[in-house]
Amino acid sequence: MNTFGVKIMMHKRTRWIVGLAAAALLVTPALAQDMPAMESLMGTDVRETCADPANLPETVNVGSILTLSGGASVFGVSQQNGIRLAVDEINNSGFLGEGTTLNVIFEDSTSVNEQAIAAMTKLVEEDQVVAVIGPTLSREAFSANPIAQDAGVTVLGVSNTAAGITDMGDFVFRNSLPEASVIPGTVAGAVAGLGIESAAIIYANDDDFTVSGADVFRESLEANGVTVVGEETYATGDADFNAQLTNMIAQNPDAIAISALAVEAVQIITQARALGYEGTLMGGNGLNSPAVLEQTGVDSEGLIVGAAWNIASPNELSVAFTAAFENEYEIRPDQFAAQAYTGAWMIASAIRCADSVDRTAVRDALLGLTDLQTPLGVFNFDADRNPIHDPVVQVNVEGAFSVLGAE
Amino acid sequence: MAQQLVNAIWLGSVYSLFALGYALVFSVLGVLNLAHSAVFMWGAWIGLIVVTEIGQPLWVAIPAAMIGSGLISYALERTAFAPLRARNAPRISQLISSIGASFFLVSLAQLVFGTNPERFPIGIIATDPILIGATAETAATIRIAPIQIIVLIVAVVLMALLNILIARTRLGQRMRAVAFNQRTAALLGINVNAIYTITFFLAGALAGAAGVLYALAYNQITPFIGETIALKGLTVIVLGGLGNIQGALVGGFVVAGLEVFSVAAGGSNYREAIVFALLFVILLVRPQGLIGQKEQTRA
């Protein structure tokens, strides 16, 4: 009986496999021949300005260093989704010309600077990539980007917002608005909308991104006539902020500005509310993630965060991106996904316009992109390879970011 | 200032609870168990799993985490400490061995749970704070969250039980005898290995409870939560006198108080610097700890 049963099973399975294989054989060539290249809305302008490339190899390798695990994995995973979506669109639409495939090699920095350095070395030397997207964190960029600069490989930061990133060299670019461009608008919007007169600032004093964020908060608050009544610091990885918050709350500030990464920001927000703080909370780029809102619940109601992108943007490329992203992953994209998606398209555009995988040619082509139509709006690089486009001021209304003053 | 005192007391209770396990093992074996923070981390995960996967309430999760961590700690003793002891290896070898065990436990947690931070579900404990000093005109001067009370009560009860166990029971007497002199204790008919086993289990159970409480308090669990507290715990036991149970208790509150009040005094930049500067001074001036005794009378 037993043997018989097994035999039947095997027979069934074999039939399955044969059937599948046959179906695949029949269908695959048909699909490949009949399916016209799918045009994507993104890249329409570049298709017109740059002719179809003819000199590209079968596979163009591009690297990407993201925080796929570790403290900052909230960002990295979202970015990877954005890049994958862009790569699919680029390849399905034949954006790099007939027979050329864009291949992105992902490396996990585990949110650790040393890992980012190792990943950059591998991509630049072993994989011989044309360009690199990332690394996710500014401090990782400061550690790893000099390696790319020395090798003459273009690095495009898609989430580095600390001051001085592109000072590392002429191969270092970013498409993420630095805190210096986003925070002044955030503060001005909050002051005008909520009548804030005093504020306190809390930030990690061992992280380039949070320190430069705090500097810009301090300047913009003072520029808007707000008195800074207290400043507190902590170390990355801290979980207890009660002492600092108690200190700040005792000064009774109208607002607390938080320059932190997502993990600490969640703790700061919940602990501030637990200590009875009822004023306005505002934050930099690190707080700009649906995950922060989800994990803080009602505590982050009214939280004000400046951003380079908001899901409510009426820009048609942004709408198309959001729809495609939701269709692919069944979750809503955040700014990190939007910037990473845009970044992958920008690199592809540079490769298309260069019609070459020469590292310097690609860099020059990226620099040459002007008035690019992207989900972030009309995009340009300034002379220092920093992005120029309009930021938005967002406020958390019932668990989702909407544009401040829009409702 | 009153609110800062509340902050200090409850941070101190977590530090003390954690440091007790260090002190317990050190007092009995004379060895630092550097894998203690990894056991602490596993305790937090076990508590989380009991709550989220098995759907049990907190009062089941804490004992479950204690038993689980106790068993991990026992396994640690059998694999990382006992074989070295059997070969009469120097104590430094056991210390190194415990560092290795710590790496193993953290890596294993990364493999099993991943590195994304996890949280206890929102609403597992009430969040309405208890207000003290509120009048019709002024806001409350002190706010105490229910979790802070739970942490404090569990910590104090466990510390009291441990003290009773060591000071008042026959088991505690045997533990003290082994701590005083292992050979003499063995000659007196005490099963030394059984005492080691029990010591490690108790230390692990305390770490497990501290892990769940810490995770509840800061609602964040990763395989790396042991790293920060490991150093703080070491400071605590050095401060209290290595291997001194009461010292660990007091030390926890002293370190937490220093941290909180250096922030309150406007020095959040120097918080860690002040704590570790104190550690340095203690080691120089009073190596036996604040309330430590002479080497011979330890136990």
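All figures in this text were calculated on a predicted structure; none of them were measured in a lab. Numbers given for residues are sequential positions, taken from 1 along each chain in its written order. Lettering for chains starts from A, numbering for ligands starts from 1, and both go in the order in which the items are written. At least 70 in pLDDT is required for a residue's local features to be given in this predicted model, at least 80 for side-chain atom pairs to be given and counted, and no such filter applies to totals for whole chains, interfaces and linings, which use all residues. As a rule here, side-chain values cover all heavy atoms of the structure and leave hydrogens and water aside.

Peer 1: With reference to specific residues and values, describe the overall build of chain A.
Peer 2: A run of DSSP states H or I qualifies as a helix once it reaches four residues; a run of E qualifies as a strand once it reaches two. Both are numbered from the N-terminal end. From N to C terminus, chain A includes 13 helices and 15 strands. To sort residues, take the accessible area from a 1.4 Å probe on protein chains only and compare it with the maximum for the residue type: under 20% means buried, over 50% means exposed, and anything in between is partly exposed. The buried share of chain A, reckoned over its 407 residues, is 55%. The protein chains shown are the only cover counted for residues, whose accessible areas, like all others here, come from Shrake-Rupley with a 1.4 Å probe. About 16,300 Å² of surface is accessible on chain A, with carbon and sulfur atoms providing 54% of the total.

Peer 1: Which residues make up the sheet that holds strand β15 (residues 400-403) of chain A, and what are the values?
Peer 2: All names here are of chain A. Pairing between strands requires that DSSP locate at least two bridges from one strand to the other. In spatial order, the strands read β7-β6-β8-β9-β10-β14-β15; together these seven strands make up an open sheet with mixed pairing. This sheet does not close on itself; its edge strands, each paired only once, are β7 (227-234) and β15. The average undirected angle you get between the axes of adjacent strands in this sheet is 25°. Structural elements are reduced to axes, namely lines fitted to C-alpha atoms, with helices fitted over the stretch in contact, and the angle between N-to-C directions of any two is expressed from 0 to 180 degrees.

Peer 1: I'd like to hear about the interface of chain A and chain B, residue by residue, with values.
Peer 2: Taken residue by residue, the interface counts 26 residues in chain A and 24 residues in chain B. Together chain A and chain B conceal approximately 2,100 Å² of surface at their shared face, both sides included; 43% is due to carbon and sulfur atoms. Definition used for salt bridges: Asp or Glu carboxyl oxygen within 4 Å of a side-chain nitrogen of Lys or Arg. Here chain A and chain B share zero salt bridges between them. Whenever two N or O atoms come within 3.5 Å, that pair is a polar contact, provided that in protein one can donate a hydrogen and the other can accept it, and provided that, for residues adjacent in sequence, both atoms are side-chain atoms. Counting the contacts that link chain A with chain B gives seven residue pairs in polar contact (both at pLDDT 80 or more). Where the side of chain A that touches chain B is concerned, the elements lending two or more residues are β7, α8 (242-250), α9 (262-274) and α10 (290-296) of chain A. The greatest single-element share of the side of chain A that touches chain B, amounting to six residues, is contributed by α9 of chain A. The contact rule is simple, with two residues in contact once any of their heavy atoms fall within 4.5 Å. Two parts lose some accessible area (1.4 Å probe) when they are put together, and adding that loss for both gives the buried area.

Peer 1: Please give an account of helix α6 (residues 170-180) of chain B that cites residues and values.
Peer 2: Helical periodicity: at 3.6 residues per turn, an α-helix aligns residues three or four positions apart in one direction. All names here are of chain B. For α6, the set of buried residues is Gly172, Met175, Val178 and Ala179. Mapping the buried residues of α6 onto a view down its axis gives an arc of 120°, with all of them on the same face. Across from the buried face of α6, at angles greater than 90 degrees, the exposed residues are Arg170 and Phe180. Looking at the packing, one finds that the buried side of α6 touches α1 (2-29), α5 (146-168), α7 (182-187) and α8 (192-218). Directions pointing from the helix axis toward each C-beta atom define the arc.

Peer 1: Which residues make up the environment of proline 387 of chain A, and what are the values?
Peer 2: Residue and element names in this part refer to chain A. Its location among the elements puts proline 387 in strand β13 (residues 387-388). Here proline 387 falls in the buried class, since its relative accessible area comes to 6%. When the C-alpha positions of proline 387 and phenylalanine 173 are compared, they lie 8.4 Å apart, and in sequence the two are 214 residues distant. Apart from residues no more than four positions distant in its own chain, proline 387 is found in contact with Arg174, Asn175, Ser176, Leu177, Pro178, Phe379, Asn380 and Phe381.

Peer 1: Go over the sheet that holds strand β3 (residues 131-133) of chain A, please, and point to the residues and values.
Peer 2: All names here are of chain A. The strand order across the open sheet formed by five strands is β2-β1-β3-β4-β5, and the pairing between neighbours is parallel. Two strands in the sheet have a free side with no partner beyond their single neighbour: β2 (101-108) and β5 (172-174). When strand polarity is set aside, the average angle formed by the axes of neighbouring strands in this sheet is 25°. When strand β1 (residues 59-66) meets β2, the two strands line up parallel, connected through eight bridges. Considered in β2, the bridge of threonine 59 is made with threonine 101. Seen against the sheet, helix α3 (residues 73-92) touches β1, β2 and β3 and runs at an angle of roughly 170° to β2. Together, β1, β2, β3 and β4 (154-157) form the strand contacts of helix α12 (residues 335-354), whose direction differs from that of β3 by roughly 165°.

Peer 1: Could you give me a rundown of the pairing of strand β12 (residues 377-381) of chain A, with the residues and numbers involved?
Peer 2: Residues and elements named next belong to chain A. Of all five residues in β12, four are buried, a share of seventy percent or more. Linkage of strand β11 (residues 372-374) to β12, two consecutive antiparallel strands, is achieved through a turn of two residues. Where β12 lies against β13, two bridges are found, and the strand directions are antiparallel. Bridge pairing in β13 places asparagine 380 opposite isoleucine 388. Where β12 hands over to β13, the hairpin turn is made up of five residues, of which arginine 385 adopts a positive phi near 65°.

Peer 1: Describe a nonpolar patch on the surface, with residues and values.
Peer 2: All names here are of chain B. The residues that make up patches have over 30% relative accessible area and no salt bridge, and they are joined within 9 Å when like-charged or within 5 Å when they are Val, Leu, Ile, Met, Phe, Trp or Tyr. There is a patch of nonpolar side chains on the surface, built from Ile130, Ile132, Ile149, Ile153, Val157, Leu161 and Ile164 and spanning about 570 Å² of accessible area. Secondary-structure elements contributing two or more residues to the nonpolar patch are β1 (130-132) and α5. Take isoleucine 130: its relative accessible area is 38%, and that puts it in the partly exposed class.

Peer 1: Could you give me a rundown of the nonpolar core, with the residues and numbers involved?
Peer 2: Across soluble globular proteins, you tend to see nonpolar side chains buried next to one another. Residue types Ala, Val, Leu, Ile, Met, Phe, Trp, Tyr and Cys, when buried and joined through side-chain atoms within 4.5 Å, form a set referred to as a nonpolar core. With 94 residues, the main nonpolar core has Leu17, Phe40, Phe120, Val178, Tyr214 and Ile221 of chain B as its most contacted residues. The element contributing the most residues to this core is α8 of chain B, with 17 residues. Among residues more than four places away in sequence, those in contact with isoleucine 221 of chain B are Ala44, Trp45, Leu48, Asn116, Pro117, Glu118, Phe120 and Ala215 of chain B. With 45 residues, the next largest nonpolar core counts Phe95, Phe321, Ile351 and Leu366 of chain A among its residues.

Peer 1: Explain the side chain of glutamine 267 of chain A to me, and be specific about the residues and the numbers.
Peer 2: Tracing the sequence through the fold places glutamine 267 of chain A in helix α9. For glutamine 267 of chain A, a relative accessible area of 2% puts it in the buried group. If near-sequence neighbours (up to four positions away) are discounted, glutamine 267 of chain A is found in contact with Ala239 and Phe241 of chain A together with Tyr218, Asn219 and Gln220 of chain B.

Peer 1: Account for α3 of chain A, naming residues and giving values.
Peer 2: Residue and element names in this part refer to chain A. The end-to-end C-alpha distance of α3 is 28 Å, a good match for the 28 Å that 20 residues give at a rise of 1.5 Å each. Counting buried positions along α3 yields 14 of 20 residues, so the element is predominantly enclosed. Of the residues flanking the end of α3, it is glycine 94, one or two places downstream, whose phi is positive at about 60°. Multiply 1.5 Å by the residue count of a helix minus one, and that product is the helix's expected span.

Bear in mind that shape data such as this cannot, by itself, settle questions of function.
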